[in-house]
Amino acid sequence: MTDEEKKRLVIQIDRDVTRILASGGTVQDILIFFAHSLDNIFTNIISSTPKNILNDYYQNYDGFYTLIKIIENMAKVTSEMKQKPQSSPPPAKITDFEKKVSDIQTILTKSLHELIALCQGQDNALGDDKKLFVVSNFLKAIISTASGLMEIQIPGGASFLYAEIEKDAKSGGLMSIHSFGGKLSDTISISEVEEDDFAGAMNYLGQQLSTTLFKGVLELPKSLQTQEMFLRGIEALLVNLLHQKFNDPHDILDQFTGNAHLSLADAQDQFKN
């Protein structure tokens, strides 16, 4: 990996960590996000970069420094645990509740393995549509059954579970949707938008609208997930906004169109370069 590629990776790590912390994320959230890329970070940055350059990265990119300190603290705790003599505590008595939880986890683990085998079969018998159908029904079966049981035992329990699922889906699910919808643009964190930074604020709002738009389109029936639907969605938003918020909507639309043409031309020039 070249020095320039390393620096771009460090900048991306810095932005990701900053975004996670700005949205209220914890150390655990950071570790989960980078779980599958730690080997890449070690191989291409930490172990192959001179110390003086690493120090420059630490000073200039707080998010990157935060991730490295988290990794170092984990390594230190792990090393200390290995050095301590391991005593064999008396086996703890398993309660009926813990046994039931363990049984459920075993069943779910086995089911997930079967699901993976089905969706990743060597013969590729399942197309993408069928894979989505299988996984969707699997999740619906678990969620609806669990929420129904909770509602019987605890009135209002189903609403609580669905609210928690929605919250987790928005924090983790939207991240992947945004990644899918914004591959050609850099992720902008709200913490990066300074006072009077009109361009940064505009790009941040555009990023959030793009995420919501992609989420909405992906929720539509498969036959309606077309490129035209993206434009129709923007059209409906724009018409409602102009009609409700502006006294001279046609003049504003003309200005908007002119600015959009200029921005599009600029984006195309940057993409070519």
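Quick look at the structure, then.

Here we come to the overall build of the protein chain. Helix and strand content of the protein chain: 11 helices and zero strands. In sequence order, the secondary structure elements of the protein chain are arranged as α-α-α-α-α-α-α-α-α-α-α. In the protein chain, which comprises 273 residues, the proportion classed as buried is 16%. Across the protein chain, every contact between residues at least 6 apart in sequence was considered, and the portion connecting residues at least 24 apart equals 50%. Carbon and sulfur atoms form 60% of the exposed surface of the protein chain, whose accessible area is close to 20,900 Å².

This part is about the packing of aromatic side chains. One pass over the full model with this rule turns up five aromatic pairs. Seen from their ring centres, Y57 and Y61 are 6.5 Å apart, and the 55° between their planes marks the pair as tilted. Y61 shares its class with Y57; the two are buried. Taking 5.6 Å as the distance between ring centres and 65° as the angle between the ring planes, the aromatic pair formed by Y58 and Y65 counts as edge-to-face. For Y65, a relative accessible area of 36% gives the class partly exposed. The rings of Y57, Y58, Y61, F64 and Y65 are connected pair by pair, giving a single aromatic cluster.

This brings us to the nonpolar core. What tends to happen in soluble globular proteins is that the nonpolar side chains get buried as a cluster. The biggest cluster of nonpolar side chains holds 17 residues, and the ones touching the most others in it are I13, I30, F34, F64 and L67. Looking at this core element by element, the count peaks at five residues for helix α5 (residues 62–83). Those residues in contact with I30 that lie beyond four places of it in its chain are V17, I20, L21, L67 and I70.

Time to look at unusual backbone geometry. Most of the time, phi is negative for any residue but glycine, and the peptide bond is trans. The residue D196 is not glycine, and still its phi comes out positive at about 65°. Mapped onto the elements, D196 comes out in the loop between α8 (157–181) and α9 (198–219).

Okay, a nonpolar patch on the surface next. A contiguous nonpolar surface patch, about 400 Å² in accessible area, is contributed by L149, M150, I152 and I154. Turning to its location among the elements, I152 is positioned in helix α7 (residues 128–153). Judged by its relative accessible area of 66%, I152 is exposed.

About the cut-offs
Residues numbered from 1 in each chain as written. Predicted model: local features only at pLDDT ≥ 70, side-chain atom pairs only at ≥ 80, totals over all residues. Heavy atoms only, no water. Helix = DSSP H or I, 4+ residues; strand = E, 2+ residues; numbered from the N terminus. Buried < 20%, exposed > 50% of the residue type's maximum accessible area, 1.4 Å probe, protein only. Contact = heavy atoms within 4.5 Å. Areas by Shrake-Rupley, 256 points an atom, 1.4 Å probe, with all protein chains shown as cover. Phe/Tyr/Trp six-rings, centres within 6.5 Å; stacked < 30°, edge-to-face > 60°. Core = buried A, V, L, I, M, F, W, Y, C linked by side-chain atoms within 4.5 Å. Patch = residues over 30% accessible without salt bridge, like charges linked within 9 Å, V, L, I, M, F, W, Y side chains within 5 Å. Salt bridge = Lys/Arg side-chain N within 4 Å of Asp/Glu carboxyl O.

Keep in mind these numbers describe shape, not what the thing actually does.
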